[in-house]
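Listed below are the residues making up each chain.
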Amino acid sequence: MSISFSPNVSAAAQRDILDLQKKINAFASGEMTDEHFRKFRLARGVYGQRQAGVQMIRIKLPHGRITADQLVRIADLSDKYATGNLHATTRQDIQLHFVKLADSPALWSELEDAGITLREACGNTVRNVTGSARAGVDPEEPFDITPYAYTVFDYFLRNPICQEMGRKFKISLSSSERDSAYGYMHDVGLIARVRDGKRGFRVLVAGGLGAQPFAAQEAFDFLEEENVIPFIEGVIRVFDRYGERTKRHKARMKYLLNDIGLEEFLKRVAEETPALKNKVFSDFSRQSPIFAVQNFGEGGISYEEVAANWPLTSEESKAWLKTNVFEQKQPGWYAVQLRVLLGDMHSDTARALAQVVKKYAADDIRVTINQGYLLRFVRPENLPALYEELAALGLADPGFDTTADITTCPGTDTCNLAISSSYGITRALETMMKQEFPEIIYNNDIKIKISGCMNGCGQHSVANIGYHGSSLKNGAFVLPALQVLLGGGFNGKGEGLIADKVIKIPAKRGPESLRVLLNDYDANAFEGEYFSDYYARQGKNYFFTLLKPLADLKTLTQDDYIDWDHTEQFVTEIGVGECAGVMIDLVATTLTEAAEKLEWSREALAESRWADAIYHAYSSFITTAKAGLMSRDVATNTQHGIVSDFDKHFLGEAGFHTEEGAFKTLVFSINKNEPSEDFARQFLAAAEVLLTSVQAYRQQQIDTDGLPELQELEIAKDS
């Protein structure tokens with residue numbers, strides 16, 4: 001299928017899309033292994049679903065910022081290629097589900113026409129850069145982090161240093177000390193600060209969620225703005241070189257920092273300084289070209305006056321005004337927050353919302369980390385009409401980002417890794433709270449987050465009350481379960497905490513567990529005591545005892561064996577595709593990868609991008625050495641380990657280095673030299689020599705011993 005591009009699609013994006021089309025064809029014909037294709041497509045935002053033959057497409061929206069026209073484009077494409085649903089994520093992306101693999105290049109092309117990318121939305125790359133949704137209008141912010149968030153996103157997009165890391169890498173920017181972007185759970189978390197009139201950030205490193213969550217450690221109490229991007233680049237280079245690559249569950253940066261310690265980690269980051277493309281970087285004036293600079297002029301009346309003269313009589317509208325609307329730092333202007341159940345919005349609703357935005361607000365919508373939307377620069381006299389139009393769309397439920405507003409991942413509805421239903425339990429909990437705890441829409445202290453498994457897409461480990469999907473065995477039978485986590489999120493001092501796993505209960509008892517927790521808190525917490533402080537005061541054993549009756553399997557009913565939103569008996573399973581065997585020479589495919597990276601290096605050299613040319617050549621060194629070690633059945637892991645092992649195993653071989661340590665010295669000269677044209681040319685030439693030598697060695701090995709036993713790999717037929 002040929003793809004036509006509009007003039008709005010950049011040359012880089014066109015190349016990406018055509019490359020995706022080419023790789024899809026190679027995969028379909030069996031010329032590309034499942035693992036190599038999976039690694040490639042994930043870095044292009046194409047993610048396999050639980051259901052065979054369809055993909056989830058993750059649309060990368062830097063710090064959740066989107067225009068009304070972009071929202072319409074996504075809605076139209078969801079109708080055309082997906083199911084008509086737009087799913088907002090906790091990383092401020094929008095996801096489309098049930099897309100055919102063959103349609104993904106065309107879908108991407110139409111997104112790029114509207115200034116939207118899929119590049120590096122998934123995979124072992126720098127994921128979407130998240131930021132406080134209130135940035136630019138936050139009354140508590142020292143400055144607007146919006147241009148900083150966009151610049152960080154733009155700087156690392158397609159950057160050679162972060163294309164094939166051991167695992168994903170996440171960055172957030174918070175607009176104030178409240179750390180509303182949860183910097184403490186990110187690989188790099190930046191919190192805006194001003195010191196002595198100078199802008200900068202508090203810098204946190206190596207946080208992460210998953211089965212073993214870690215709170216980030218403070219690298220700098222204050223880092224000047226011009227040093228932020230160079231520091232992040234150094235961090236990524238260190239993670240790329242030393243990070244785990246074989247044991248996936250140990251491959252996040254949090255484990256590297258845990259192994260070597262913060263002092264050694266920062267020392268290695270500093271050692272990367274000579275190789276950095278920019279030793280300082282201060283051009284934070286750039287914003288996405290999609291967003292025109294707008295002058296909103298004078299605002300209107302104060303919030304107190306708005307509330308005192310509110311013309312609508314319904315209690316629902318008054319609750320909405322109190323919980324979903326706030327006065328911006330620009331006096332007399334208002335921001336409106338939209339609570340969206342499950343983060344799901346139908347395409348018709350999205351198109352109608354876009355028209356509402358054009359009518360009443362700035363053309364600058366923000367997807368929020370709790371899966372809602374934020375509208376900005378609304379005039380006070382328009383708030384009543386805006387409420388009524390949002391209510392007609394089902395987007396005026398009060399209680400935004402309160403206890404009643406649960407964050408959740410899609411769970412078993414679409415995700416391969418999920419164990420039990422996230423959507424079903426979320427609906428059940430929200431319904432129960434609305435019926436039994438109606439005042440909960442005014443509680444901003446307790447945040448509830450749910451994931452379908454332990455991996456944490458719903459961010460359950462940083463919830464005050466969290467749940468993740470699991471299972472329980474009862475004799476020969478298995479039932480859906482929820483792991484209950486308590487005490488995460490922020491305490492009364494504003495400190496970010498990781499929740500404790502307290503107890504596992506049958507999934508159908510989830511509403512009762514929340515009912516017990518809320519009633520206990522109401523009855524026993526001190527006046528004004530934050531939930532996480534209450535949890536810390538009472539202790540884990542107190543809550544284990546409190547919830548223990550719900551874990552009693554002797555009182556199970558037949559309904560406990562059926563998951564939420566299901567009618568059949570529960571079984572633990574993950575989605576699998578229809579597969580067929582194909583024989584692949586993994587060494588040959590790895591050498592092909594190395595040659596491709598060399599070609600990227602040559603292109604960067606031709607465009608005078610010296611630092612990029614050097615890093616592509618470095619990546620080719622690593623991939624070539626890995627292929628050589630694979631030909632000798634030597635297991636490989638970190639990049640540093642690959643270089644060390646190649647230096648040892650190929651020492652003295654014909655056509656290779658003759659002095660111990662010579663290969664290591666050559667490859668790791670990357671961080672000893674400035675990224676100059678001379679060094680780029682020398683480094684590329686050396687990488688070309690190595691590839692030629694390993695190719696010749698491999699051919700001689702085949703000529704002498706014959707082609708080794710090929711590895712049978714599974715290739716999905718219907719993807």
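Higher on the page you've got the structure.
Here's what I pulled together on the structure shown here. (Residues numbered from 1 in each chain as written. Predicted model: local features only at pLDDT ≥ 70, side-chain atom pairs only at ≥ 80, totals over all residues. Heavy atoms only, no water.)

### Let's talk about the nonpolar core
Phase 1 of the analysis: By size, the foremost hydrophobic cluster in this structure holds 79 residues, and its most contacted members are F169 and F201.
Phase 2 of the analysis: Of all hydrophobic cores here, the second largest spans 64 residues; its members include F40, V46, A82 and Y373. (Core = buried A, V, L, I, M, F, W, Y, C linked by side-chain atoms within 4.5 Å. Buried < 20%, exposed > 50% of the residue type's maximum accessible area, 1.4 Å probe, protein only.)

### Brief notes about the side chain of S422
Phase 1 of the analysis: With respect to the helices, strands and loops of the structure, S422 is situated in helix α12 (residues 422-436).
Phase 2 of the analysis: Setting aside chain neighbours within four positions, we find S422 in contact with T408, C409, P410, G411, I450, S451 and G452. (Helix = DSSP H or I, 4+ residues; strand = E, 2+ residues; numbered from the N terminus. Contact = heavy atoms within 4.5 Å.)

### Remarks on the pattern of salt bridges
Phase 1 of the analysis: A complete count under the given rule lists 51 salt bridges for this structure.
Phase 2 of the analysis: For R195, the salt bridge is made with D221, and the minimal N-O distance between the two is 2.5 Å. Taken together, the residues R195 in strand β8 (residues 188-195) and D221 in strand β10 (residues 217-224) connect sequence positions 26 residues apart.
Phase 3 of the analysis: By relative accessible area, R195 is classed as partly exposed at 37%.
Phase 4 of the analysis: Residue K277 is joined to D612 by a salt bridge in which the shortest nitrogen-to-oxygen separation is 3.0 Å. (Salt bridge = Lys/Arg side-chain N within 4 Å of Asp/Glu carboxyl O.)

### What to know about unusual backbone geometry
Phase 1 of the analysis: The phi dihedral of L342 falls on the positive side, at around 65°, and the residue is not glycine.
Phase 2 of the analysis: Position of L342 among the secondary structure elements: in the loop between β12 (334-338) and β13 (344-346).
Phase 3 of the analysis: Exposure remark for L342: the relative accessible area of 4% places this residue in the buried category.
Phase 4 of the analysis: A positive phi angle, close to 55°, is found at D401, a residue other than glycine.
Phase 5 of the analysis: With respect to the element layout, D401 can be found in the loop between α11 (383-392) and β16 (407-408).
Phase 6 of the analysis: Overall, the relative accessible area of 30% leaves D401 in the partly exposed class.

### Let's talk about the pairing of strand β5 (residues 94-99)
Phase 1 of the analysis: With respect to burial, β5 is a largely interior element, five of its six residues being buried.
Phase 2 of the analysis: The turn linking strand β4 (residues 85-88) back onto β5 is made up of five residues, and Q92 within it adopts a positive phi angle of 65°. (Pairing = 2+ DSSP bridges.)

### Some words on the sheet that holds strand β2 (residues 55-59)
Phase 1 of the analysis: If you walk across this open sheet you meet the five strands as β1-β2-β5-β4-β13, and the pairing is antiparallel. One side of each edge strand has no neighbouring strand; the edge strands of this open sheet are β1 (46-48) and β13. Neighbour-to-neighbour, the strand axes of this sheet turn through a mean angle of 30°, independent of strand direction.
Phase 2 of the analysis: Both β4 and β13 contribute to a ladder of three bridges, which runs antiparallel. In the sheet register, H87 faces β13, and the bridge partner there is D344.
Phase 3 of the analysis: Lying over the sheet, helix α4 (residues 104-112) contacts β1, β2 and β5, oriented at roughly 15° with respect to β2.
Phase 4 of the analysis: Along the sheet face, helix α10 (residues 347-360) touches β4 and β13 and points at about 85° away from the line of β13. (Axes fitted to C-alpha atoms, helices over the stretch in contact; angles between N-to-C directions.)

In short, the description is geometric, and any link to function would need to be established separately.
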